[in-house]
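# Fold and contact review
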Amino acid sequence: MENGTVYNETTEPEAKAPRRRPFGFTLRHLWGWKLPVKVVQTIFSFVAVVCEEIVDNCISCSGLYFFEFISCSAFLLSLLILCAYCTDLYQSLGQDKVQKV
């Protein structure tokens, strides 16, 4: 038996890995008018957090604390959503899980 007749190459050559962008940044999933809206939403929620922190004195602080919680939560969640849609995290998690968030 010769090696050539019995043992043939059975593996395929390795495919080249697709070229990745720095930090996995892509705008493929958030295009058109959605990207500017999400960026503006993130900026406005950050401005709300900053404006809340500027207040020194308050008479009834319960409303201010509630506004602080809501504005900080909105900023963090909008930042998370923006990062999920604009990085490779979207493909890693899957479209259905990102849509649930």
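Residues numbered from 1 in each chain as written. Predicted model: local features only at pLDDT ≥ 70, side-chain atom pairs only at ≥ 80, totals over all residues. Heavy atoms only, no water.

## Some details on the UniProt feature "transmembrane region" (unreviewed entry) in the chain
Look at the UniProt record and you will see "transmembrane region" (unreviewed entry) annotated at residues 64-87. Within the segment residues 64-87, helix and strand shares are 96% and 0% respectively, and the terminal C-alpha atoms sit 34 Å apart. (UniProt positions renumbered as here; feature names shortened; annotations may be inferred. Helix = DSSP H or I, 4+ residues; strand = E, 2+ residues; numbered from the N terminus.)

## Quick notes on the confidence of the model for the chain
Summing up the model confidence of the chain, the mean pLDDT is 78 and the portion of residues at 70 or higher is 70%. When pLDDT is averaged over each helix and strand of the chain, the minimum, 57, is found for helix H1 (residues 3-6) and the maximum, 89, for helix H2 (residues 34-54). (pLDDT = per-residue confidence, 0-100.)

## Describing the side chain of Ser-71
Along the chain, Ser-71 turns up in helix H3 (residues 61-86). Accessibility expressed as a relative area gives 5% for Ser-71, which makes it buried. A polar contact of 3.2 Å, which involves the side chain of Ser-71, links it to the backbone oxygen of Glu-68. Once you skip the residues sitting within four places of it in the chain, Ser-71 turns out to touch Ser-45, Ala-48 and Val-49. (Buried < 20%, exposed > 50% of the residue type's maximum accessible area, 1.4 Å probe, protein only. Polar contact = N/O pair within 3.5 Å; in protein donor to acceptor, adjacent residues only side chain to side chain. Contact = heavy atoms within 4.5 Å.)

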